[in-house]
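# Secondary and tertiary structure notes
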Amino acid sequence: MQLELIRNATLKVTYGGHILLIDPYFAPRHSLPSFTGRSPNPMTELPRSIDDILQDVELVIVSHLHTDHFDAVAKERVPKTLPILCQPGDEGRIRDAGFTNVTPLTQSVVWQGVTITPRQGSHGVGPVVEKMGPVIGLTLEAVGEPTVYWAGDTVLYPPVAETIREFSPDIIVTHSCGARWDGDLIVMDDKQTLEVSRLAPQATIVATHMEALDHATVTRQDLRQTAEAGGLDSSRLLIPADGEALHLGR
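The shown structure was predicted, so the numbers you read here are calculated from the model rather than taken from an experiment.

## Details of the packing of helix 6 (residues 190-199) against helix 7 (residues 220-229)
Direction vectors running N to C along helix 6 and helix 7 enclose 45 degrees, while the axes themselves pass 9 Å from each other. When the axes of helix 6 and helix 7 are compared, the pair comes out oblique. Crossing handedness for the pair helix 6 and helix 7: right-handed. Only Asp-222, Leu-223, Thr-226 and Ala-227 of helix 7 make contact with helix 6, whose side of the interface consists of Asp-190, Lys-191, Thr-193 and Leu-194. In terms of residue class, the contact of helix 6 with helix 7 is built from 3 nonpolar, 2 polar and 3 charged.

## Details of the pattern of salt bridges
According to the stated counting rule, one finds 5 salt bridges in the structure shown. A salt bridge links Glu-4 to Arg-48, with the shortest nitrogen-to-oxygen separation between them at 2.7 Å. Note that Glu-4 is positioned in strand 1 (residues 2-7) and Arg-48 in the loop between strand 3 (18-22) and helix 1 (50-54), a separation of 44 residues in sequence. Take Glu-4: its relative accessible area is 7%, and that puts it in the buried class. Relative accessible area serves as the criterion here: at 27%, Arg-48 is assigned to the partly exposed category. Across the pair Arg-220 and Asp-242 runs a salt bridge, and its minimum N-O distance is 3.1 Å.

## Some remarks on the sheet that holds strand 5 (residues 84-86)
Reading across the sheet, the 7 strands line up as 6-5-4-3-2-1-16 and stay open at both edges, with mixed pairing between neighbours. Each of the sheet's edge strands pairs with one partner strand only, and the pair in question is strand 6 (102-104) and strand 16 (245-247). Ignoring which end each strand starts from, the neighbouring axes of this sheet average 20 degrees apart. Of the strand pairs in this sheet, strand 3 and strand 4 (residues 59-62) are connected by 3 bridges, and their pairing is parallel. Along strand 4, the bridge assignment pairs Ile-22 with Ile-61.

## A look at helix 5 (residues 158-167)
Taken residue by residue, helix 5 has Pro-159, Val-160, Ala-161, Thr-163, Ile-164 and Phe-167 as its buried positions. For helix 5, the secondary structure elements touched by its buried residues are strand 8 (114-120), strand 9 (136-141), strand 10 (148-150), strand 11 (171-175) and helix 6. With its phi angle positive at about 50 degrees, Ser-168 sits one or two positions after the end of helix 5.

## A closer look at the UniProt feature "domain: Metallo-beta-lactamase" (unreviewed entry) in the protein
Mapped onto this numbering, the UniProt entry gives "domain: Metallo-beta-lactamase" (unreviewed entry) at residues 20-210. From the first C-alpha to the last, residues 20-210 spans 21 Å; its make-up is 22% helix and 24% strand.

## Comments concerning empty space enclosed by the protein
Throughout the structure, instances matching the rule amount to 1 cavity of 30 Å³ or more. Estimates place the volume of the largest cavity at around 40 Å³. Lining the largest cavity we find Met-1, Leu-3, Leu-11, Val-13, Ile-22, Leu-140, Val-148, Trp-150 and Val-173. Only strand 2 (10-15) and strand 10 provide two or more residues apiece to the lining of the largest cavity.

Each value, and the rule that gives it
Residues numbered from 1 in each chain as written. Predicted model: local features only at pLDDT ≥ 70, side-chain atom pairs only at ≥ 80, totals over all residues. Heavy atoms only, no water. Axes fitted to C-alpha atoms, helices over the stretch in contact; angles between N-to-C directions. Helix = DSSP H or I, 4+ residues; strand = E, 2+ residues; numbered from the N terminus. Parallel < 35°, antiparallel > 145°, perpendicular 65-115°, else oblique. Left-handed = near helix turned anticlockwise from the far one by under 90°. Contact = heavy atoms within 4.5 Å. Nonpolar A, V, L, I, M, F, W, Y, C, P; charged D, E, K, R; others polar. Salt bridge = Lys/Arg side-chain N within 4 Å of Asp/Glu carboxyl O. Buried < 20%, exposed > 50% of the residue type's maximum accessible area, 1.4 Å probe, protein only. Pairing = 2+ DSSP bridges. UniProt positions renumbered as here; feature names shortened; annotations may be inferred. 1 Å grid on protein atoms, 1.4 Å probe; cavity = no way out; pocket = protein on both sides within 12 Å on 5 of 7 lines; lining within 4 Å. Points joined across faces, edges and corners; volume = space filled by probe spheres on them.

Structure, rendered in structure tokens:
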């Protein structure tokens with residue numbers, strides 16, 4: 001498989017011979033408001049043109065409707081006839097944006113030989129979850145490909161650990177920027193990412209969703225330093241740059 005980090009959570013994934021786009025966020029640099037007063041968002045530009053990013057995409061997956069996962073530019077530029085999988089409850093708003101082939105991911109689906117299964121996530125713990133709203137992660141399976149767990153916008157909490165134990169993924173994609181809302185952690189930070197690696201000693205961890213938004217608290221360098229201090233080898237923790245493509249196997 002090939003996994004290309006576009007920016008933030010946006011991934012272009014070649015898997016099972018098909019091309020998937022996850023959580024398209026296409027806003028130009030500094031075109032959206034700050035979350036914390038530190039900087040307008042996003043803080044970085046896209047690594048290549050939207051046309052290039054969308055080239056050959058066959059399926060779009062939208063984990064939730066926060067603007068840094070499916071923004072106004074993506075709603076305008078993603079072809080309206082492309083199939084979209086989304087979390088249950090978001091399909092109406094996506095259809096209202098003009099998309100004609102929208103399916104809520106209520107259970108495992110097999111698309112072009114790729115099994116896509118929704119997985120539980122929690123956008124924080126405690127009262128902040130109500131503010132953040134529901135989210136999903138997902139797993140991918142296909143003949144001849146490594147198994148993938150894309151955790152999504154979640155902290156490490158018991159259902160995530162349970163998915164890791166039950167699914168035993170070859171690849172785990174984490175959102176590791178330590179973003180906070182009103183002081184509460186709403187995605188994994190460096191310490192939780194290190195703990196994920198310990199829960200899945202067989203897996204390669206790919207840390208994304210970093211250095212793009214001003215409410216993040218963990219940089220790529222911070223994560224690497226925590227990993228090194230915790231004994232996590234750099235071959236097991238991959239921290240791609242925006243625009244970097246990783247070729248991953250079992």
